[in-house]
Amino acid sequence: MLSASALAAPAKPPEASTAALADATQSSVPYAGPARRIAELLPRGNASPLATLFDPVAANQAKIFREMSSVQVPMNVDIAEIVEAYYNQPKAKLVWVDGKGATVKAAQAIDLMKQAGDWGLTPEDYAVSATFESLPQGSPERVKALAQFEIALSSKMLMFLQDNFRGRIDPNQLSHYYDFKRKPVDLKATMSQLSVLPDLLPVFDRLMPGNPKFGQLAAELHYLRTSGQGSDTAADINKVIVAMEEIRWLPQQFPQRYVFINQPAYMAYYNENDQTTLSMKAVIGQQDHQTNFFNASIKTVEFNPDWGVPQSIIHNEMLPHLKRDPAYLDKEGYVVSVKGKQMPSAKVDWSQPLENISVVQPPGPDNALGQLKILFPNAHDIYMHDTPARGKFASQDRMFSHGCVRLENPRGMAAAVLNQTVDFVSQQIAGGEKKDMPLPEQVPVYVAYFTAWPTTDGTVEYYDDIYGRDAETLNAIATTTSNRTH
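Residues numbered from 1 in each chain as written. Predicted model: local features only at pLDDT ≥ 70, side-chain atom pairs only at ≥ 80, totals over all residues. Heavy atoms only, no water.

What about unusual backbone geometry?
Point 1. Of note, K339 is a non-glycine position whose phi angle comes to about 50 degrees, a positive value.
Point 2. Summarising the element assignment, K339 is placed in the loop between β9 (335-338) and β10 (341-342).
Point 3. Although it is not a glycine, N419 adopts a positive phi angle of roughly 60 degrees.
Point 4. Note that N419 resides in the loop between α13 (410-418) and α14 (422-430). (Helix = DSSP H or I, 4+ residues; strand = E, 2+ residues; numbered from the N terminus.)

Brief notes about empty space enclosed by the protein
Point 1. All chains considered together, the criterion is met by two cavities of 30 Å³ or more.
Point 2. Roughly 40 Å³ of internal volume is contained in the largest cavity.
Point 3. Lining the largest cavity, in full, are R166, P171, F180, K181, R182, K183, R248 and W249.
Point 4. Its residues assigned to classes, the lining of the largest cavity comprises three nonpolar, no polar and five charged.
Point 5. Taken as a whole, the second largest cavity holds about 40 Å³ of empty space.
Point 6. Forming the boundary of the second largest cavity are N60, G99, Q137, G138, R142, V143 and L146.
Point 7. The dominant element in the lining of the second largest cavity, judged by the number of residues it contributes, is helix α6 (residues 140-166), at three residues.
Point 8. Its residues assigned to classes, the lining of the second largest cavity shows two nonpolar, four polar and one charged. (1 Å grid on protein atoms, 1.4 Å probe; cavity = no way out; pocket = protein on both sides within 12 Å on 5 of 7 lines; lining within 4 Å. Points joined across faces, edges and corners; volume = space filled by probe spheres on them. Nonpolar A, V, L, I, M, F, W, Y, C, P; charged D, E, K, R; others polar.)

Topic: the UniProt feature "active site" (unreviewed entry) in the chain
Point 1. Per the UniProt annotation, the sites labelled "active site" (unreviewed entry) are H385 and C404. Look at the named residues: they lie 20 residues apart in sequence, but the longest C-alpha span between them is just 7.7 Å, so in the fold they bunch up. Of the residues annotated just before, the largest pocket has H385 and C404 among its lining.
Point 2. Setting aside residues no more than four positions away along its own chain, H385 makes contact with A368, L369, L372, K373, C404, V405, R406 and L407.
Point 3. Inspection of the secondary structure puts C404 in the loop between β14 (399-401) and β15 (405-407). (UniProt positions renumbered as here; feature names shortened; annotations may be inferred. Contact = heavy atoms within 4.5 Å.)

Some details on the UniProt feature "domain: L,D-TPase catalytic" (unreviewed entry) in the chain
Point 1. UniProt feature "domain: L,D-TPase catalytic" (unreviewed entry): in the numbering of this structure it lies at residues 257-425.
Point 2. For residues 257-425, the helix share is 18%, the strand share is 35%, and the end-to-end C-alpha distance is 19 Å.

Overview of the nonpolar core
Point 1. One finds Y87, W96, M157 and F160 to be the most contacted residues of the largest nonpolar core, which totals 92 residues.
Point 2. In terms of residue count, the dominant contributor to this core is α6 (14 residues).
Point 3. Dropping the residues within four chain positions of it, F160 is found in contact with L112, M113, A116, W119, L121, Y126 and F204.
Point 4. In terms of nonpolar packing, the next biggest core, distinct from the first, is built from 52 residues, A282, V301, V405 and L439 among them. (Core = buried A, V, L, I, M, F, W, Y, C linked by side-chain atoms within 4.5 Å. Buried < 20%, exposed > 50% of the residue type's maximum accessible area, 1.4 Å probe, protein only.)

Observations concerning the layout of surface pockets
Point 1. Approximately 830 Å³ is the volume found for the largest pocket.
Point 2. Lining the largest pocket are 34 residues; nearest its centre among them are W307, P310, I313, S401 and H402.
Point 3. Among the secondary structure elements, those contributing two or more residues to the lining of the largest pocket are β8 (307-308) and α11 (311-324).
Point 4. Top contributing element to the lining of the largest pocket by residue count: α11, with five residues.
Point 5. Its residues assigned to classes, the lining of the largest pocket shows 14 nonpolar, 14 polar and six charged.

Considerations on the side chain of K239
Point 1. Residue position: K239 is located in helix α10 (residues 233-247).
Point 2. Despite its burial, K239 pairs with no opposite charge, the nearest such side chain being D464 at 4.7 Å.
Point 3. Setting aside its immediate chain neighbours within four residues, K239 contacts T451, A452, Y462, Y463, D464 and D470. (Lys, Arg positive; Asp, Glu negative; His and termini not counted. Salt bridge = Lys/Arg side-chain N within 4 Å of Asp/Glu carboxyl O.)

Brief notes about the environment of T291
Point 1. In this structure, T291 sits in the loop between β6 (275-285) and β7 (293-303).
Point 2. Expressed as a C-alpha distance, the spacing of T291 and D366, which sit 75 residues apart in the sequence, is 23 Å.
Point 3. Once residues lying within four places of it in the same chain are set aside, the contact partners of T291 are Q263, I284, G285, I382, G403, C404, V405, V447, Y467 and R469.
Point 4. Reaching out from T291, the side chain makes a polar contact with the backbone nitrogen of G285 at a distance of 2.9 Å. (Polar contact = N/O pair within 3.5 Å; in protein donor to acceptor, adjacent residues only side chain to side chain.)

Side note on the sheet that holds strand β11 (residues 357-361)
Point 1. Taken together, four strands build an open sheet; the order of strands is β8-β11-β9-β10 and the sheet is antiparallel. Each having just a single partner strand, β8 and β10 make up the two edges of the open sheet.
Point 2. Looking at chain direction, β8 and β11 are connected through two bridges and run antiparallel. Each bridged residue has a counterpart across the sheet, and for G308 the counterpart in β11 is V360. (Pairing = 2+ DSSP bridges.)

Spelled out as structure tokens, the structure:
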């Protein structure tokens, strides 16, 4: 687990500006970001005269609470609700100021947020102005500035912690190729902890990504900023920043067993106990049939599968053949049914709605899915499978499928997720019959998209942005910063 204390604030070149990020990226999908509004805070009554007589600090704090109803601090809607709920309590306490000025805890919070760049975030997002410092003690202007500082620091700190835990952007707004249930952050409990704990590090460490890969990416980012001299340094920095954002969309820690597919690398990996025990080449979706970025759970291995041909493939790829040769599907060994009734393809009226027609390729050595497929139910009908087209794995750029993931070593992957031997898998295939075999224990699978990713030894490797998704993410990050700072 990466802790705040593990990463001191190093000297580094200035952050890339928001404008530079925006100019360097293009996106066909406008990213709106979360809704924002002003927190509506209630005026508080005066402190008791006796209390203020003997405790000037209490008197100043009471003045700050009274001023809160007049401050204008825009923040994300979900954070505004928490800030309102906390400060509108009758017994609420100030968190960051003591009536005279900022507390030691406020200084710690600001110091942590200034280090946001070390964790792949944008420090400008969390900047808090301490305008009270130049104002006379006890003046109405200073009291109002302290109230503004108190509310602003609470909202920024909550946003900073939330961003560290789940990422600053919602990937589901980027395009339909992203499918993530965003990780919830208990902001109410977090605000309560910020108010009572003298040290913020336990809260910060709890919400930092616990995946060792994140720490390796952070180290790479520091190296690039301080030592990188190559012509691709700026591009590599952006790839690492995107990777650190994307890893926050995934579980805070990876499980003991999981499958990881990295599309830009055209690779699939089986991992167990923090070790990659199996890796293989993979074929992914074509540009117009891109593989989605999501996570699911592997539940079943199907041996000797048949292939129900999607209607899009029937329409786009099979109908042209059938116009030239109505018996094309019969010759190729497909089984055609119309409204459930099997018939030769030459006798089918292909002008009728395709919803009436099913085309199935029976099990066999020429089946498009090969001799097995590995199923993890998802909304995109994506799965891993074998293929008879073995020559595709020799290509450097392996975008050939309609979205599913073809594996170079499907028997090895099936054996790994089933916790069996390759010989066992081969025996199931040798029977020739279609057979579904549930996994004894479901295995998480991450169908991911990282153009920067650490290898087993921690070395970060870089890949081409084959689908142009990094550009979309960088644009969304720049838009988010623009929304937050204007």
